[in-house]
Amino acid sequence: MTLLSRTGSSGFSFLAVLAGVIALTGAPLSGAPLYSTSFHGTVGELPEDWGVLLGDVGNPGWRISADGEYRFDASGTGLSHYTGSFANGQPGNAFADGTIETTFRRGGTNVVGVVARMQDSDNYYHARLYQDDLQIYRFRAGAATLLGSVEASGYTAGQSWTLSMTLLGTTISASVFDQFGSQVASLSRSDAEFASGTVGVRGTAVSVWEDFLVNAPVDLNVDIGLQGAGSVQAGFQSLAETNNSGSYSTSPKAKWLDSQLGNANRVNVELASGGGGRMGFRQRSDVTHAMGDLAEDFVFNLDGDRLNLTLGSLLPGYYEMTTYHHDSDNYITGTLDVSVSDARSSGRSVVQGVTVTNGTTPAAIGSTTFSFHSDGVHPTVIHVDANTVMHALLNGFQLAPAAESLRVDFGLNGQDVQNGFSAFSRAISTTGQQSETFTSGLGADGSVTVRVAGDNNSLSWRDRGSSTAPNLPDVAEDFVFNLTWLELTLEGLAPNTYLLTTYHHDLSHVGSPLDIEVWDVAGDGRTVVSELWQTASQPAADPALATFLIHAGDDPVRIRFTNLYEGTAPPIARLNAFSITLIPEPNALLLGCMGLLSLLLVRRRLSEER
């Protein structure tokens, strides 16, 4: 059949264009997807790590076509699923929350779509284009229940359209885009039948899938409550626990949740009583409010005055968080204080006197919004303290990037690049300096040039194999180095204050201390870090790191790493990677630096006028 050949389509790939838009806009999140494929492989066979649950295999049937697509053209309904593992190490049948996208073609008005949270051939969610409708179905024990349908007309046989299906907690959404990337239709429904499962495709003859992409959720929205009770807020993932000690729970309780904000597309969310005592998970009365499902359940500390929320394995960067505090049964009343321990400081107060709201029909839900920095290795801890309340309670939270980050991973050509980082030009070189320009919103003109150079015009590169570090393994395993000193130059940054984190680790060789000096508008050669110990010979350890402020003006910012080791082993100044993030909020140091920057710019203009 030639009806659905590539030559019959527009040749437009929405996913490719979407990726291009992300690159052009310098989006803060550029991590690898959980899984992606263009279905390349042996013609006439199944793609690697794919299995068939319904339908024949072969010609006609399920197979990779000569056009390099996944195709089903046998009679009846076909169902095929992914059987491999995701990039974060989870098995394919563990998919819970995220987005599935595929570029498809079909003949006539037949069914073509994707499936998610599939238990087996009779139990799953299904988003599809059928005739002129976009639909979401639940299949349970083989019985199909239509959850929602909306008109999506205009498809012509042979066109390449894109279908997207997003699952977050009990919220299931679907969208379809035409051959030009314009959204044709979308709908969203709520259902709690399936929490996790595998992903795949479903269709009737003739159906073609050109590609298949699985992404973790971008933001991290979490509804905290009692397991097996109540509803999950739409668009939120659930962190529900049982009270395993009478009416209370032991501490801590932790769960890995899917999100592109994580180093491996997952974030470890932990709840604990600040005094090491007990917590309680509660399901209260229903709340009539847009955030009602979130507000009706919560966790609180029983012992002590503090509840700790710890976020582990966050990508380095700057984040904004909103926390929610409500008791519909009016038992916990009063105010809370919130402080943060992050990459910049420990126990920093961010807000005081947050009101815990009450009632079943509140005008508003108690909440507060604040920001923090992550260095990619150390957990960030949000401390919720009782002020005038009896207990510190938390219904849930929303977490999102608050500013763009540029993350760059150095290493030998072809080696692993850390999720969420961009690869530096990884050619082997022992002389000179190397540079690469990255598209980034941190640049005054939309890009930043990164340059590395070494003492005596020498650079060397190493890859030490595989690291088992819990947070940044691909950062830890390879690096660029010089025997004496190494210099990192950032050119094209927009005038501003930034937080820079640099990483220094070697899976073998020896550890050694280094000093870090900076040339920027705040001073030439100022020491920002003294005697940082570069970790070594620790395959299971995250890299040593340094976090400090830099202040960009018109000139490039230079950062020098000088090795201080004086033993018999050769000294090495290593640089595995760095992350740089804008600091949006004003503070005393920032205002002082901006005043200095203004003075320098005035002097430069006066000099040019002379």
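About the thresholds
- Residues numbered from 1 in each chain as written.
- Predicted model: local features only at pLDDT ≥ 70, side-chain atom pairs only at ≥ 80, totals over all residues.
- Heavy atoms only, no water.
- Helix = DSSP H or I, 4+ residues; strand = E, 2+ residues; numbered from the N terminus.
- Buried < 20%, exposed > 50% of the residue type's maximum accessible area, 1.4 Å probe, protein only.
- Areas by Shrake-Rupley, 256 points an atom, 1.4 Å probe, with all protein chains shown as cover.
- Phe/Tyr/Trp six-rings, centres within 6.5 Å; stacked < 30°, edge-to-face > 60°.
- Core = buried A, V, L, I, M, F, W, Y, C linked by side-chain atoms within 4.5 Å.
- Contact = heavy atoms within 4.5 Å.
- Pairing = 2+ DSSP bridges.
- Polar contact = N/O pair within 3.5 Å; in protein donor to acceptor, adjacent residues only side chain to side chain.
- pLDDT = per-residue confidence, 0-100.
- Salt bridge = Lys/Arg side-chain N within 4 Å of Asp/Glu carboxyl O.

**Some words on the overall build of the protein chain**
For the protein chain, the count of helices and strands is 4 helices and 45 strands. For the protein chain, with 610 residues in total, the buried portion stands at 56%. Element-wise, carbon and sulfur atoms account for 48% of the exposed surface of the protein chain, whose accessible area totals about 23,100 Å².

**As for the packing of aromatic side chains**
Within this structure, the stated rule accounts for 24 aromatic pairs. For the pair phenylalanine 104 and tyrosine 155, a centre-to-centre distance of 5.9 Å together with 25 degrees between the ring planes defines the contact as stacked. Highlighted residues: phenylalanine 104 in strand β6 (residues 98-106) and tyrosine 155 in the loop between β10 (143-151) and β11 (161-168), separated in sequence by 51 residues. Judged by relative accessible area, which is 11%, tyrosine 155 ranks as buried.

**Examining the nonpolar core**
Leu311, Phe372, Ile382 and Leu399 are the most contacted members of the largest nonpolar core, which totals 46 residues. Those residues in contact with leucine 311 that lie beyond four places of it in its chain are Val267, Asn268, Val269, Met321, Phe372, Pro379, Thr380, Ile382, Phe397 and Leu399. Residues Tyr35, Phe72, Ala74 and Val112 belong to the second largest nonpolar core, which totals 40 residues.

**What about the pairing of strand β32 (residues 405-409)?**
The buried fraction of β32 is high, at 5 of 5 residues. Along β32, one buried face is formed by Ser405, Arg407 and Asp409 and the opposite face, lined by Leu406 and Val408, is buried too. In terms of strand pairing, β32 meets strand β45 (residues 577-582) through 5 bridges, oriented antiparallel. The residue bridging valine 408 from the neighbouring strand is phenylalanine 578, located in β45. Of the pairings in the sheet, the one linking β32 to strand β33 (residues 422-423) comprises 2 bridges and is parallel in character. Across the sheet, residue valine 408 finds its bridge partner in β33, namely serine 422.

**What to know about the sheet that holds strand β19 (residues 253-258)**
Spatially, the 7 strands line up as an open sheet ordered β19-β20-β23-β29-β26-β27-β25, and their pairing is mixed. Strands with a single pairing partner mark the edges of an open sheet, and in this sheet they are β19 and β25 (326-327). Pairing of β19 with strand β20 (residues 266-273) involves 6 bridges; the strand directions are antiparallel. For lysine 253, the partnering residue across the bridge sits in β20 and is leucine 271.

**Things to note about the sheet that holds strand β21 (residues 279-283)**
As summarised here, the arrangement of the 3 strands in space is β21-β22-β30, forming an open sheet in which the pairing is antiparallel. This sheet does not close on itself; its edge strands, each paired only once, are β21 and β30 (393-394). Note: β21 against strand β22 (residues 297-301), 5 bridges, orientation antiparallel. Each bridged residue has a counterpart across the sheet, and for glutamine 283 the counterpart in β22 is aspartate 297.

**Overview of the environment of threonine 357**
Mapped onto the secondary structure, threonine 357 falls in strand β27 (residues 348-358). Under the relative-accessibility criterion, threonine 357 is labelled buried at 17%. Separated by 32 residues in sequence, threonine 357 and histidine 325 have C-alpha atoms that sit 6.7 Å apart. Apart from the residues within four sequence positions on either side, threonine 357 is in contact with His325, His326, Asp327, Ala364, Ile365 and Gly366. Separated by 2.8 Å, the side chain of threonine 357 and the backbone nitrogen of glycine 366 make a polar contact.

**Here we look at the side chain of threonine 502**
Mapped onto the secondary structure, threonine 502 falls in strand β39 (residues 496-506). The exposure class assigned to threonine 502 is buried, which follows from its relative accessible area of 0%. Within the local environment of threonine 502, its side chain forms a polar contact with the side chain of histidine 504, the two groups lying 2.8 Å apart. For threonine 502, the contacting residues outside a window of four places in its chain are Ile516, Ala544, Leu545, Ala546, Phe548, Phe561, Leu575, Ala577 and Phe578.

**Some details on the pairing of β6**
Most of β6 is tucked away, with 9 of its 9 residues classed as buried. Side chains Gly98, Ile100, Thr102, Phe104 and Arg106 of β6 all project onto a buried face; the interleaved residues Thr99, Glu101, Thr103 and Arg105 project onto the opposite face, where all are buried too. Bridge count between β6 and β11: 7 bridges; the pairing is antiparallel. The residue of β11 that forms the bridge with phenylalanine 104 is tryptophan 161. Across 3 bridges, the pairing between β6 and strand β16 (residues 212-215) is antiparallel. When the bridges of β16 are listed, glutamate 101 appears paired with leucine 213. Here β6 pairs with strand β15 (residues 207-209) via 3 bridges, running antiparallel. Pairing of arginine 106 across the sheet is with serine 207, part of β15.

**Quick notes on unusual backbone geometry**
Between alanine 205 and valine 206 the backbone carries a cis peptide bond, its omega angle lying at -5 degrees. When you line up the elements, valine 206 lands in the loop between β14 (198-204) and β15. Between serine 251 and the following residue, proline 252, the backbone shows a cis peptide bond with an omega angle of 5 degrees. Examined against the element boundaries, proline 252 turns out to sit in the loop between β18 (237-241) and β19.

**Looking at the confidence of the model for the protein chain**
Close inspection of predicted coordinates is inappropriate in any region flagged by low pLDDT. Model confidence for the protein chain is summarised by a mean pLDDT of 89, while 89% of its residues fall at 70 or above. Note on residues 1-30: pLDDT under 50 across the span, and 65 contacts to partners over four residues away in sequence or across chains. In the predicted structure, residues 587-610 sits below a pLDDT of 50 and forms 23 contacts with residues beyond four places in sequence or in another chain.

**Considerations on the pattern of salt bridges**
Per the counting criterion, the structure on display carries 17 salt bridges. In this structure, the salt-bridge partner of aspartate 73 is arginine 71, at a minimum N-O distance of 3.2 Å. Since its relative accessible area comes to 4%, arginine 71 is described here as buried. Two residues, glutamate 210 and arginine 105, come together in a salt bridge whose shortest N-O distance is 2.6 Å. Of this pair, glutamate 210 sits in the loop between β15 and β16 while arginine 105 is found in strand β6, placing the two residues 105 residues apart along the sequence. This pair shows no difference in class: glutamate 210 is buried, exactly as arginine 105 is.

**Quick word on the side chain of asparagine 471**
Mapped onto the elements of the fold, asparagine 471 is located in the loop between β36 (460-463) and α3 (473-476). Only 2.8 Å separates the side chain of asparagine 471 from the side chain of aspartate 542, close enough to count as a polar contact. Once you skip the residues sitting within four places of it in the chain, asparagine 471 turns out to touch Asn263, Ser313, Gly376, Val377, Gln418 and Asp542.

**Re the environment of valine 452**
Tracing the backbone through its elements, the reader meets valine 452 in strand β35 (residues 447-454). Valine 452 sits 29 residues away from phenylalanine 481 along the chain, and the two C-alpha atoms are 9.5 Å apart. Setting aside residues no more than four positions away along its own chain, valine 452 makes contact with Phe410, Phe424, Gln433, Gln434, Leu459, Trp461, Glu487 and Leu488.

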